[in-house]
Amino acid sequence: MLYRKPMTLAAALCALALLTSGCSDDDGKTPPDSGGHQDAAGSDLYPDLGLPPDLGQKTPCETEWIDALHAQDKVSTGAVSTSEQSGVYTTNVDASAGGMNGASKNPFVYLSLKDGSKVEITDLASKSSKDWDIALRRAVLRVNGGDSGAGGAAVARVENTTFADVTAVPAAANFEADEFLDASCKVARDPINNPQTAFSGPSTADLWYEYDMSTSKVKPKAIVWIIKRTDGSFVKLSIDSYYGGTGNKSGHFTLTWSAL
């Protein structure tokens, strides 16, 4: 994997400390989401959802998969809009998912990077679907491959470059799928307790964003993401913003992408 510039110690501690740190995003809450699945009283934040009919036989880690992703048996109401100019697409995604406190009770927003359209699918059905390429729910981003889905999609990151300068899939691209469950069904988590995906990792240096101490906001890192789609084609994607919508709230992504 390519070298990533580490965050400052203060920023790293802010991301790791979460609820005890006093750091906040634009909503005045911790940056940007906690992956905990119980409330203050120790009660589960979501019900036993079971399996969707199209998943068939239960897989060995099904319970852990649902738990790790807070998987919901409903379709996200988050809006998606896409515009195109000269082959370059701009997609706005409302992945705010009920805000900080309601994220674990809300589903991911699923996108097809064929045309930037929203895929109307539940979290549970997403595991066996090849219709989506990436999914977003606040700070957690997924790709339809590995533990996240059956699409065979994967992600590589290219640093120290610009979106315009990436004109082909780099020869040294290191593609990764989402791998957050090991053979014993143990969940690997990132520094803020969300499942590790191809857009995150075990350290703050691996996250797709950094926490800007000067503005108390989540700031996407200057990374061009190369995504191998479920149909085998490639796109390049840049995460331009984590804020938008009425009041410039968190969890509203602006993505720029195009085919390679």
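Refer to the preceding data block for the structure.
Residues numbered from 1 in each chain as written. Predicted model: local features only at pLDDT ≥ 70, side-chain atom pairs only at ≥ 80, totals over all residues. Heavy atoms only, no water.

Chemist: Is there a simple way to think about the sheet that holds strand β3 (residues 109-112) in this case?
Modeler: By definition, the strands of a sheet pair up through backbone hydrogen bonds, in either a parallel or an antiparallel sense. The 4 strands are arranged β4-β3-β5-β6 in an open sheet whose pairing can be described as antiparallel. One side of each edge strand has no neighbouring strand; the edge strands of this open sheet are β4 (117-119) and β6 (140-143). The mean angle between the axes of side-by-side strands here comes to 30°, regardless of whether they run parallel or antiparallel. (Pairing = 2+ DSSP bridges. Helix = DSSP H or I, 4+ residues; strand = E, 2+ residues; numbered from the N terminus. Axes fitted to C-alpha atoms, helices over the stretch in contact; angles between N-to-C directions.)

Chemist: Even after reading the chapter, I still don't get the pairing of strand β9 (residues 217-220), so can you show me in this structure?
Modeler: The side chains of a regular strand alternate between both faces of the sheet. Only one face of β9 is buried, namely the one carrying V218 and P220, since none of K217 and K219 on the opposite face is buried. Pairing of strand β8 (residues 209-212) with β9 involves 4 bridges; the strand directions are antiparallel. Bridge pairing links D212 to K217 in β9. Counted between consecutive antiparallel strands, the loop separating β8 from β9 contains 4 residues, among which S216 sits at a positive phi close to 55°. (Buried < 20%, exposed > 50% of the residue type's maximum accessible area, 1.4 Å probe, protein only.)

Chemist: I keep staring at the nonpolar core and nothing clicks. Help me out?
Modeler: One broad rule of soluble globular proteins: the nonpolar side chains tend to lie buried together. Formed by 31 residues in total, the largest nonpolar core has its most connected members in W208, F253 and L255. Residue assignment for this core shows that the elements contributing at least two residues are β3, β5 (134-137), β6, β8, β10 (223-228), β11 (234-244) and β12 (249-259). When residues of this core are assigned to their parent elements, the largest contribution, 5 residues, is made by β11. If we skip the residues at most four places from it in the chain, W208 touches A139, L141, F199, V218, P220, K221, W225, I239, Y242 and F253. Among the nonpolar cores identified, the runner-up in size contains 18 residues, and C61, A68, A71 and L181 belong to it. (Core = buried A, V, L, I, M, F, W, Y, C linked by side-chain atoms within 4.5 Å. Contact = heavy atoms within 4.5 Å.)

Chemist: Looking at this structure, how should I read unusual backbone geometry?
Modeler: Excluding glycine, residues mostly have negative phi values, and the peptide bonds linking residues are mostly trans. Notably, H70 is not glycine yet its phi reads approximately 50°, a positive angle. For H70, the location among the structural elements is in the loop between α2 (62-69) and β1 (80-85). Owing to a relative accessible area of 5%, H70 belongs among the buried residues under this scheme. The residue N160 is not glycine, and still its phi comes out positive at about 60°. Note that N160 resides in the loop between β7 (154-159) and β8. With a relative accessible area of 77%, N160 lands in the exposed category.

Chemist: Quick question: what am I supposed to make of the pattern of salt bridges here?
Modeler: Any two side chains of opposite charge can pair, given that their charged atoms come close. Under the defined criterion, the tally for this structure stands at 4 salt bridges. Measuring nitrogen to oxygen at the nearest pair gives 2.9 Å for the salt bridge that ties R229 to D133. Here D133 lies in the loop between α4 (123-126) and β5 and R229 lies in the loop between β10 and β11, a separation of 96 residues in the sequence. For R229, a relative accessible area of 7% translates into the label buried. Residue R229 pairs with D231 through a salt bridge whose shortest N-O separation is 2.7 Å. (Salt bridge = Lys/Arg side-chain N within 4 Å of Asp/Glu carboxyl O.)

Chemist: Quick question: what am I supposed to make of the environment of G232 here?
Modeler: The residue G232 is located in the loop between β10 and β11 in this model. A residue is classified by how much of its surface remains accessible, and G232, at 34% relative accessible area, is partly exposed. Between the C-alpha atom of G232 and that of G151, which follows or precedes it by 81 residues, the distance is 9.5 Å.

Chemist: Sorry if this is basic, but what is going on with empty space enclosed by the protein here?
Modeler: In this approach the atoms are scanned with a rolling probe the size of a water molecule, which exposes any empty space left behind. Tallying each qualifying case throughout the model produces 2 cavities of 30 Å³ or more. Partitioned by chemical class, the residues of the lining of the second largest cavity number 7 nonpolar, 3 polar and 1 charged. (1 Å grid on protein atoms, 1.4 Å probe; cavity = no way out; pocket = protein on both sides within 12 Å on 5 of 7 lines; lining within 4 Å. Points joined across faces, edges and corners; volume = space filled by probe spheres on them. Nonpolar A, V, L, I, M, F, W, Y, C, P; charged D, E, K, R; others polar.)

Chemist: When you look at the sheet that holds β10 in this model, what are you seeing that I'm missing?
Modeler: What the 6 strands build is an open sheet, ordered β1-β2-β12-β11-β10-β7; its pairing is antiparallel. The open sheet has two edge strands with one neighbour each: β1 and β7. Looking at each pair of strands side by side, their axes are set apart by 25° on average, direction ignored. Pairing of β1 with strand β2 (residues 88-94) involves 6 bridges; the strand directions are antiparallel.

Chemist: Looking at this structure, how should I read the packing of aromatic side chains?
Modeler: The relative placement of two aromatic rings is captured by the distance of their centres and the angle of their planes. Under the counting rule described, the total for this entry stands at 10 aromatic pairs. We note R142 situated over the ring of F108; from NZ or CZ to the ring centre the distance is 4.6 Å. Taking the ring centre of F163 as reference, the NZ or CZ of K236 above it sits at 4.2 Å. (Phe/Tyr/Trp six-rings, centres within 6.5 Å; stacked < 30°, edge-to-face > 60°. Lys NZ or Arg CZ within 6 Å of the ring centre and 35° of its normal.)

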